[in-house]
Each structure stands twice: as structure tokens, then as C-alpha cells.
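Chain by chain, the residues:
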Amino acid sequence: MAQLDTRAKLAILADAAKYDASCASSGTKKRDSAGGKGIGSTEGMGICHAYAPDGRCISLLKILLTNSCIFDCHYCINRKSSNVRRARFTVAEVVHLTLSFYRRNYIEGLFLSSGIIRTPDYTMEQIVAVARALREEHDFRGYIHLKTIPDADPELVRQAGLFADRVSINVELPTEPGLRRLAPEKSAAGIEKAMGTMKSAIEDGHDARRRFRSAPSFAPAGQSTQMIVGADSANDGEIITRASTLYDRFGLRRVYYSAFSPIPDASAILPLKRPPLMREHRLYQSDWLMRFYGFAPGEVAAAAGPTGMLPLDIDPKLAWALRFRDRFPVDVNRAPREALLRVPGLGLKAVDAILASRRWRRLALGDIARLTVSIAKVRPFLIASDWRPTALTDRADLAARMRPKVEQMELWG
Ligand code: SF4
């Protein structure tokens with residue numbers, strides 16, 4: 001590998017890391033350096049931004065330790081057979097960069113992943129060494145997210161949890177055949193075993209903290225994972241079901257969905273085109289329905305219909321409501337919270353506001369209009385003191401009326 005300066009390595013290794021979407025910094029505990037103790041905070045704003053390929057804003061120094069890898073996953077730009085320029089940071093370089101960027105208020109923390117160097121254990125040791133140096137030698141209190149290597153020694157993975165706020169292990173593909181085909185050196189069983197070990201370690205850490213205030217915190221922001229969407233033939237129904245199983249079995253904080261991006265010198269077994277970014281967005285909305293709106297995975301999958309694919313032009317909650325019209329209209333003055341949460345266009349805040357207001361008075365359609373972006377979307381599905389949709393809910397053309405209008409683009413606009 002040619003000798004590169006830190007700036008050149010940063011250009012290569014930050015670019016190589018942009019394909020990983022699983023680095024939102026939500027959910028950790030508050031920690032700061034107020035009073036001159038240590039350096040860093042998990043609460044800060046006003047930082048520079050890194051962007052995932054689809055434009056999401058990520059406020060972390062997001063880099064790989066190296067983009068050299070002994071594995072050959074077909075969808076990965078860093079795979080062994082890829083013809084890209086390689087670089088590798090030392091542990092000291094990553095520590096120095098993180099601290100310098102933090103001091104300049106460019107970042108709120110570090111997201112560190114790596115290609116596999118020599119062995120999974122060796123790679124994991126290097127990743128842990130960065131986090132250990134930041135925490136123990138520099139008293140760094142900012143956010144750290146470490147990507148862990150599934151086949152590494154469980155003790156090394158446990159050490160990652162001692163220093164990181166969040167740890168993640170990517171499941172990569174939604175189905176086992178997909179993983180076998182596109183990442184033949186990885187095994188679904190190995191990935192799940194590592195997730196299970198991490199889940200137990202996180203639970204033990206919480207238990208210890210409950211009993212002894214002095215017990216060290218262990219991955220307080222939990223574990224997350226990422227699934228690549230559109231690189232294999234898995235449909236949205238399968239992806240949603242897989243995500244739900246992962247949430248249940250491993251207590252994940254988040255499943256991230258990353259639309260497969262075609263890469264330079266792509267392997268011939270990959271699709272030539274990326275899936276529409278809207279597909280990724282619809283999967284995030286479905287995920288939200290399962291986690292916050294009380295939808296069972298089967299219900300979200302049912303919104304997808306017989307093809308197993310969620311419609312792209314309307315959101316999954318509206319798609320579900322249109323398929324299951326017998327559940328509507330819902331009376332805003334009487335229905336329980338769970339039923340209100342099913343109404344398209346009513347978010348969590350709107351539902352809570354309805355529940356609070358109706359204790360004092362009956363709500364009219366105008367009251368609901370003030371709580372939602374589009375009363376036209378909500379109207380067919382609810383009853384208010386001055387409104388009944390009568391036949392509107394059952395109209396054969398309701399789905400067509402709810403779909404956004406297709407507009408002719410102006411040629412010279
Ligand atoms: S192990 Fe990770 S870095 Fe290596 S080829 Fe596979 S996805 Fe890429």
C-alpha cells in the first residue's frame with residue numbers, strides 16, 4: 001500500500017464509509033464535559049455534516065479504519081476483488097482526527113467501521129483500541145458508534161460495548177439465500193450469534209447499573225443493524241418480517257434500510273440499477289408503524305398486497321387503510337388510541353392532542369384539520385361531531401382520489 005498522508009487517507013476512508021447508513025446517534029445517555037471535566041458531549045449541535053449517498057445528514061466523523069478487506073462481498077466497494085485505492089489509518093491517527101475535529105466543532109462523535117484486516121479478531125482489536133484510547137487516555141465523552149465484526153472473539157465484542165455508545169452488526173441481506181449468494185464468506189447464523197451475545201451483554205450491563213450505580217455503562221444506545229435493499233430479490237414483505245424478527249429476538253434499537261447503490265466495477269451478479277430511493281423511505285415508514293403505531297408485521301406486510309411490494313406513491317399507513325376499509329371510519333370523539341393511530345394522516349402528536357382535547361369538548365372536523373397536514377387525506381377515515389364520510393370511505397375510486405396527481409413536467413421549466 002503506497003504511503004499516504006492523513007488527508008489522503010481521510011478522503012479515501014470517509015468516502016468508503018458512506019455506504020453504511022446505520023449511524024444515527026439517537027438514544028444514548030446524556031454526557032458532557034461541563035465544569036472542565038474531560039472533552040466532548042453527546043448533546044452538542046452545530047457540527048459539520050457527513051452525508052450518506054442518499055443525502056441523509058450524519059453528524060459524526062464517519063470513517064473506516066481501512067478499506068482493505070479479505071472478504072469479497074459482491075455488493076461492497078471495499079471487497080477484496082474491487083479495484084479501488086486502498087488506505088489504512090493507524091489507531092493513533094483515528095484518535096487524533098476525532099479529537100481535532102471535535103475540538104473544531106466539526107463533529108459530535110465517531111462512527112468507526114472497518115474492512116477485515118488479517119482476521120476478524122485482529123480487526124476488532126484495532127477498533128476497540130481506538131475507542132479505548134479515546135475514552136481512557138483522553139476522557140472523550142462524545143458519541144462513539146463501533147461496527148463490530150460478527151466472527152470476532154465475543155470478549156472483544158464485549159469490550160467494544162464497554163467503550164461505545166452504540167454497537168452494530170450488519171445483517172446485510174434480508175434473506176439467508178441472499179446472504180449466501182452475495183456475501184458467501186458471511187453466515188446468517190454467525191451474525192445472529194453475535195447479535196445474541198451483544199443482547200445478553202447489554203442486558204447484563206443494564207442489570208448491573210440498576211444494582212450498582214458505579215457499574216460501567218455498556219452500549220447505552222443499544223445495538224442496531226443495517227439491511228441492504230434491492231441487491232437481492234427479497235420483497236418489502238420479507239424485509240419487514242425480517243426486521244420485526246430482529247427487533248424481537250435481539251432487542252435492536254434500530255434497523256436501517258439502505259437502498260443498494262451500484263458501485264464502480266460492480267460484480268456481474270448485482271442488479272444494474274439501484275432501487276428507487278422511495279422504496280427505502282417506505283420501509284422506514286413501515287418500520288415506524290411497527291415500532292410506534294402498534295401495527296403487527298403481518299399487518300404492514302398486508303399493506304404491500306399480493307406482490308409483496310409496498311406502493312411507492314402512497315405511504316404504507318394509507319395503503320393499509322385503503323385495503324382494510326372495514327376498520328373505518330373511526331370516531332375521533334370515542335375511539336381508543338389504538339384505533340386513532342390507524343387513521344392515515346394522524347401522527348402520534350395529533351392523536352395525543354385529540355385524546356387530551358376531547359376530555360373537555362366534542363371535536364369537529366375543523367379541530368382535526370388544525371392537527372394534520374392534509375385534512376383531505378384524513379376525512380374519508382374519520383367521524384367528527386359535524387362530519388360523517390357516509391359513502392366516501394367505501395367509494396370504489398377512493399384509492400385513485402388519494403393518490404398524488406401525476407403532473408406533466410414542463411419542458412422548458
Ligand atoms: S466484510 Fe465488510 S468490508 Fe469486507 S467486503 Fe464484506 S461488507 Fe465489505
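An account of the accompanying structure is given in this report. Nothing here was measured: the structure is a model prediction, and the numbers come from that model. Every chain's residues receive numbers from 1 upward, in the order its sequence appears when written. In keeping with the predicted nature of the model, local features appear solely for residues at pLDDT of at least 70, side-chain atom pairs appear and are counted solely at 80 or more, and the whole-chain, interface and lining totals rest on all residues. With hydrogens and water stripped out, all remaining heavy atoms of the structure feed into the side-chain values.

### Observations concerning the site of the ligand
In step 1: Being near a molecule or strand, for a residue, means having at least one of its heavy atoms within 4 Å of it. Near the ligand, the surroundings consist of C69, F71, C73, C76, R79, G115, I116 and K186.
In step 2: When its residues are assigned to classes, the shell around the ligand shows five nonpolar, one polar and two charged. By the convention adopted, Pro, Cys, Tyr, Trp, Phe, Met, Ile, Leu, Val and Ala count as nonpolar, Lys, Arg, Asp and Glu as charged, and the other residues, Gly among them, as polar.

### Considerations on the sheet that holds strand β6 (residues 166-168)
In step 1: Pairing between two strands is assigned when DSSP locates at least 2 bridges connecting them. Each helix corresponds to a stretch of at least 4 residues labelled H or I by DSSP, and each strand to a stretch of at least 2 residues labelled E; elements are numbered beginning at the N terminus. Strands sit in the order β3-β4-β5-β6-β7-β8 across an open sheet of six strands; the sheet is parallel. The sheet terminates laterally at β3 (61-64) and β8 (254-259), the two strands that pair on one side only. Direction aside, neighbouring strands of the sheet carry axes that sit 20° apart on average.
In step 2: In this sheet, strand β5 (residues 143-147) lies alongside strand β4 (residues 109-113) in parallel orientation, the contact comprising four bridges. Bridging from a neighbouring strand, F111 pairs with H145 of β5. Angular values range over 0 to 180 degrees, each being the angle between N-to-C directions of two axes fitted as lines to C-alpha atoms, with helices fitted over their stretch in contact.

### Examining unusual backbone geometry
In step 1: Residue P329 is reached from F328 by a cis peptide bond, and omega for that bond is 0°.
In step 2: Mapped onto the elements, P329 comes out in the loop between α10 (316-323) and β9 (330-331).
In step 3: Here the phi dihedral of E172 falls at roughly 70°; this positive angle occurs in a residue that is not glycine.
In step 4: With respect to the helices and strands, the residue E172 is situated in the loop between β6 and α5 (176-182).
In step 5: Positive phi, normally seen in glycine, also occurs at A219, with a value near 35°.
In step 6: As for its placement among the helices and strands, A219 is situated in the loop between α6 (188-211) and β7 (223-229).
In step 7: The class for A219 is buried, based on a relative accessible area of 0%. Throughout, exposure labels follow a simple rule: accessible area from a 1.4 Å probe, protein chains only, divided by the maximum for the residue type, with under 20% read as buried, over 50% as exposed, and the rest as partly exposed.

### Some remarks on the nonpolar core
In step 1: Counting 117 residues, the largest nonpolar core has L112, V130, Y257 and F381 as its most contacted members.
In step 2: The element best represented in this core is helix α3 (residues 120-137), accounting for eight residues. To qualify as a nonpolar core, a set must consist of buried Ala, Val, Leu, Ile, Met, Phe, Trp, Tyr and Cys residues joined through side-chain atoms within 4.5 Å.

### With respect to helix α1 (residues 6-17)
In step 1: To estimate the expected span of a helix, subtract one from its residue number and multiply by 1.5 Å. For α1, spanning twelve residues, the distance from its first C-alpha to its last is 16 Å, which sits close to the expected 16 Å at 1.5 Å a residue.
In step 2: For α1, every residue scored as buried is listed here: K9, L10, I12, L13, A16 and A17.
In step 3: Contact criterion: two residues are considered in contact whenever any of their non-hydrogen atoms come within 4.5 Å of each other. Considering only its buried residues, α1 is in contact with β3 and α2 (91-103).

### Concerning the pattern of salt bridges
In step 1: Any Lys or Arg side-chain nitrogen located within 4 Å of an Asp or Glu carboxyl oxygen qualifies as a salt bridge. Applying the stated criterion across every chain, the model contains 17 salt bridges.
In step 2: Here E93 and K9 are joined by a salt bridge, their closest N and O atoms 2.9 Å apart. Here E93 is found in helix α2, whereas its partner K9 is found in helix α1, with 84 residues between them in sequence.
In step 3: You can call E93 buried: its relative accessible area is 18%.
In step 4: Each member of the salt-bridge network shares a partner with another, and the members are E192, R242 and R249.

### Some details on the pairing of β8
In step 1: Within β8, six of the six residues are buried, which leaves it mostly tucked inside the rest of the structure.
In step 2: Of the two faces of β8, both are covered, the one formed by R254, Y256 and S258 as well as the one formed by V255, Y257 and A259.
In step 3: We call a crossover right-handed when, viewed with both strands directed away from the observer, the connection leading from the first strand over the helix to the second proceeds clockwise. The handedness of the β7 to β8 crossover, carried by helix α7 (residues 236-250), is right-handed.

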